[in-house]
Structures are given as structure tokens and as C-alpha cells.
Amino acid sequence: MNKKRLIFLGPPGAGKGTQAKILANYLEVPHISTGEILRKAKQEGTPVGLKAKAYMDRGDLVPDSVLQELVQERLQQDDAKTQGWILDGFPRTLAQAEFLENLLPQINQKCDLTINLTVADEVLVGRLAKRAALEGRSDDTEEVIRNRLIVYQQETAPLIDFYQKHLVTLDGDRSLDIITGELKNITGENSSN
Ligand code: ADP
């Protein structure tokens, strides 16, 4: 059986977004990236975008209430209801994880697996600085990168314990193709866990 509902955990720069996109395509499920949704909202100047902007530009987390409302709505759209999803960037705090635990049974959904991509801090800083040069994201300056890594350690790393039972940890400091291959094995048609 394919795994159709997955959560991706990992620090900024671990490659979550890249892998989540490839895997979502392979499993034919929507890729739900809260960072992408917020960046789009910010660009379009929607009420959510206006609320999120200052937090994102500092590398801080946007308040839980904003994210919870956004994800609750997104998971109940038709594509997510019928096909499944890969959640990339949510949950990022314990409060968000607890919210999701409560929400899923209420909307008749269940997460199949949580994937944790790990990469050492020195490697992350290098990758993010490179991405900053390529993409020019406003939250990819050196000072903001440092803050995002601190915020990750404080707020998001505790989720590894929270999801311990249903967690697969992969070393993200290897070639993209190797990681993708492993992810396909773990989640694809013949996966057993
Ligand atoms: P990263 O490269 O750090 O993984 P993302 O693209 O996932 O970045 O997210 C960019 C920014 O969007 C975060 O630094 C944060 O401000 C905001 N954000 C995204 N998801 C969440 C969330 N679940 N809770 C709070 N803020 C979030």
C-alpha cells in the first residue's frame, strides 16, 4: 500500500521542500508547503500575508493560530481529502502537532508516516547561504538564517520526540537521488512499514 499522508520534519535547508515535491509527484498527492503558502500570501498582500510578513522576515515563526487555520482549511479541500497529502513545514511547534493530532480524526484522516531529514548545522548554514544567493529570499540573510536555526532547535526539534513512534529518520547529507530512492522505497507500493 502506498503511504498517502506524510509529514516531513527537518531543519531549514535539510532538503524537505525539494524531496517533498518529488515524492508528492511520485505518490500523486498534493504537496502542502506552509512556507510556500505564506510566501504567496505575503506577495499577494492577503490578510494572512500581512500578518505573517514581519515574522517571516525576521526568521521567526508565524503565530500558531494563523497556521492552524490555514492548514485546517487546506486539508479539507477536495484534492487533500481524496488523494492525501505531504505536509512540509507543518507542524513546527508542539502546539501545532497537538492541534493536528486532534484535527485529523475529526476530519476522518490519519497520518501514515513522519519523515525526519537530518543535516548538521554547518552544512545547513552553507546550503542556506547558497540558496540566498540564487533565490534572494528575504529570510535567507546570514543573521536571519542563524535565527531560523535557533528557532528550529527551540520550537521544532522537540517534535522528533513527539512523533518518535511513527518516525523514519534519513540522513539528508547525501545526494538528492539517493535520498529520493530511499523515500520511494519507504512510501511506495511495496513498502512494509
Ligand atoms: P524553511 O526553509 O525554513 O524550511 P519554509 O519555507 O518552510 O522555510 O518557511 C519559511 C517561513 O514561513 C518560516 O521561517 C516561518 O516564518 C513561516 N512558517 C512556515 N511554516 C510555519 C509554521 N508551521 N509555523 C510557523 N511559521 C511557519
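Everything here concerns the structure above.
This one's a predicted model, so the numbers in the text were calculated from it and none came from an experiment.

The rules behind each value
Residues numbered from 1 in each chain as written. Predicted model: local features only at pLDDT ≥ 70, side-chain atom pairs only at ≥ 80, totals over all residues. Heavy atoms only, no water. Helix = DSSP H or I, 4+ residues; strand = E, 2+ residues; numbered from the N terminus. Buried < 20%, exposed > 50% of the residue type's maximum accessible area, 1.4 Å probe, protein only. Axes fitted to C-alpha atoms, helices over the stretch in contact; angles between N-to-C directions. Parallel < 35°, antiparallel > 145°, perpendicular 65-115°, else oblique. Left-handed = near helix turned anticlockwise from the far one by under 90°. Contact = heavy atoms within 4.5 Å. Nonpolar A, V, L, I, M, F, W, Y, C, P; charged D, E, K, R; others polar.

On to unusual backbone geometry, then. Negative phi is the rule for most residues except glycine; trans is the rule for most peptide bonds. Geometrically, the link from Phe-90 to Pro-91 is a cis peptide bond, its omega value of 0 degrees lying close to zero. Mapping Pro-91 onto the fold places it in the loop between strand E3 (85-88) and helix H6 (94-106). Backbone geometry at Glu-28 places phi at a positive 60 degrees, although glycine is not the residue there. Its location among the elements puts Glu-28 in the loop between helix H1 (16-27) and strand E2 (31-33). Relative accessible area serves as the criterion here: at 61%, Glu-28 is assigned to the exposed category. Even without being a glycine, Asn-108 presents a positive backbone phi close to 60 degrees. Here Asn-108 shows up in the loop between H6 and strand E4 (113-118).

Direction vectors running N to C along helix H4 (residues 64-75) and H6 enclose 30 degrees, while the axes themselves pass 10 Å from each other. Our classification of the angle between H4 and H6 gives roughly parallel. The hand of the H4/H6 crossing is right-handed. Where H4 approaches H6, its residues Asp-64, Leu-67, Gln-68, Gln-72 and Leu-75 are matched on the opposing element by Ala-95, Gln-96, Phe-99, Leu-100, Leu-103 and Leu-104. Split by residue class, the contact of H4 with H6 holds 7 nonpolar, 3 polar and 1 charged.

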